[in-house]
Amino acid sequence: MNINENTDLIGFIVWLICSCNLGTKFNLELRISIVTQYLTGISSIQLARKYHIANNETILLWVHRFNRFGIAGLKPRPMNLEYSSEFKIEVLNWKQQHQASLSETALHFNLSSPSTIWQWQRKFDLKGLSGLNRVRGDPKTMAKHKHKKVTKPTTAQIQARHDKDELKQLKQENKMLRIENEFLKKLDALDHEKSAHAKP
């Protein structure tokens with residue numbers, strides 16, 4: 001593969017990112033772009049500098065997640081996902097039994113951030129099993145909101161909001177499928193080109 005073809009691929013992916021502009025710092029398109037650049041031979045250290053990512057291990061984790069789960073492994077997760085204390089114990093036990101790193105454990109359990117496991121371990125070390133139970137809300141804040149009167153939306157308002165959300169979700173899914181399709185085409189073209197160059 002020559003430099004012009006690498007530049008074309010990278011330029012195409014940057015165009016995809018700019019055209020989507022989902023507003024998250026490391027949205028799916030950016031992650032796809034970074035993983036693609038890594039797969040074309042750019043080091044994780046260079047990419048971390050270029051995109052102001054604090055640790056190049058983040059990029060390597062994305063690459064491993066892509067290799068294991070495909071594009072689904074690169075999708076950002078909501079920050080407010082809740083896990084049961086049983087699941088947290090299972091994760092911590094697996095990590096200890098396999099003497100695995102935080103990154104390896106996160107990859108094994110398809111968790112988006114190794115630091116989540118570190119936090120669970122810290123809470124478990126400090127408070128035992130009770131440290132892994134989720135305490136919902138701040139009692140002081142909850143008491144303030146308890147006395148506010150809430151007006152219920154009408155059925156028409158609920159339906160209109162539902163329709164709007166559904167349309168937005170369908171548009172987003174359609175956009176993501178187009179991006180995924182283009183990404184897979186480019187990846188396939190890279191693969192064919194590598195195998196063509198490898199033949200004597």
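Residues numbered from 1 in each chain as written. Predicted model: local features only at pLDDT ≥ 70, side-chain atom pairs only at ≥ 80, totals over all residues. Heavy atoms only, no water.

Details of the nonpolar core
Grouped together as the largest cluster of nonpolar side chains are 19 residues, with contacts concentrated most on Ile32, Ile34, Ile53, Ile59, Trp62 and Leu74. When residues of this core are traced back to their parent elements, those giving at least two are helix H2 (28-39), helix H3 (44-50), helix H4 (56-69) and helix H9 (155-198). The leading source of residues in this core is H2, at five residues. Apart from the residues lying within four places of it in its own chain, the contact partners of Leu74 are Leu28, Arg31, Ile32, Val35, Trp62 and Phe66. Counting ten residues, the second-largest nonpolar core is a separate cluster that includes Val91, Leu111, Ile117 and Trp120. (Core = buried A, V, L, I, M, F, W, Y, C linked by side-chain atoms within 4.5 Å. Buried < 20%, exposed > 50% of the residue type's maximum accessible area, 1.4 Å probe, protein only. Helix = DSSP H or I, 4+ residues; strand = E, 2+ residues; numbered from the N terminus. Contact = heavy atoms within 4.5 Å.)

A word on helix H7 (residues 114-127)
Along its 14 residues, H7 runs 20 Å from first to last C-alpha, staying within 8% of the 20 Å computed at 1.5 Å per residue. The complete set of buried residues in H7 reads Pro114, Thr116, Ile117 and Trp120. Seen end-on, H7 carries its buried residues on one side only, within an arc spanning 155°. More than 90 degrees from the buried face of H7, the exposed residues found are Asp125, Leu126 and Lys127. Of the surrounding elements, those touching the buried residues of H7 are H4, helix H5 (85-97) and helix H6 (102-108). Count one or two residues on from H7 and you reach Gly128, which has phi positive near 75°. (Expected span 1.5 Å × (residues − 1). Arc of directions from axis to C-beta.)

Comments concerning the confidence of the model for the protein
Overall, the predicted model of the protein reaches an average pLDDT of 76, with 76% of residues at or above 70. Low confidence marks residues 1-5, where pLDDT is under 50. Its contacts with residues over four positions away, or in another chain, come to five contacts. (pLDDT = per-residue confidence, 0-100.)

Focus: the packing of aromatic side chains
Under the definition given, this model contains six aromatic pairs. Arranged with centres 6.2 Å apart and planes meeting at 85°, the rings of Phe87 and Trp120 form a pair that is edge-to-face. With Phe87 in helix H5 and Trp120 in helix H7, this pair connects stretches of sequence that are 33 residues apart. (Phe/Tyr/Trp six-rings, centres within 6.5 Å; stacked < 30°, edge-to-face > 60°.)

So, the packing of H2 against H4
To characterise two packed helices, one gives the angle between the axes of the helices and the distance between these axes. Look at H2 against H4: their axes get within 10 Å of each other, and the N-to-C directions meet at 90°. The orientation of H2 relative to H4 falls into the category roughly perpendicular. Where H2 abuts H4, its residues Arg31, Ile34, Val35, Tyr38 and Leu39 lie against Ile59, Leu60, Trp62, Val63 and Phe66. A per-class count over the contact of H2 with H4 returns nine nonpolar, no polar and one charged. (Axes fitted to C-alpha atoms, helices over the stretch in contact; angles between N-to-C directions. Parallel < 35°, antiparallel > 145°, perpendicular 65-115°, else oblique. Nonpolar A, V, L, I, M, F, W, Y, C, P; charged D, E, K, R; others polar.)

Concerning the side chain of Thr36
Tracing the backbone through its elements, the reader meets Thr36 in helix H2. The class for Thr36 is buried, based on a relative accessible area of 2%.

Comments concerning the packing of H5 against H7
Two elements in contact, H5 and H7, have axes separated by 10 Å at closest approach and are oriented at 95°. For the element pair H5 / H7, the angle class is roughly perpendicular. Side by side, H5 and H7 meet where Phe87, Lys88, Ile89, Val91, Leu92 and Lys95 of the first sit next to Ile117, Trp120, Gln121 and Phe124 of the second. Its residues assigned to classes, the contact of H5 with H7 comprises seven nonpolar, one polar and two charged.

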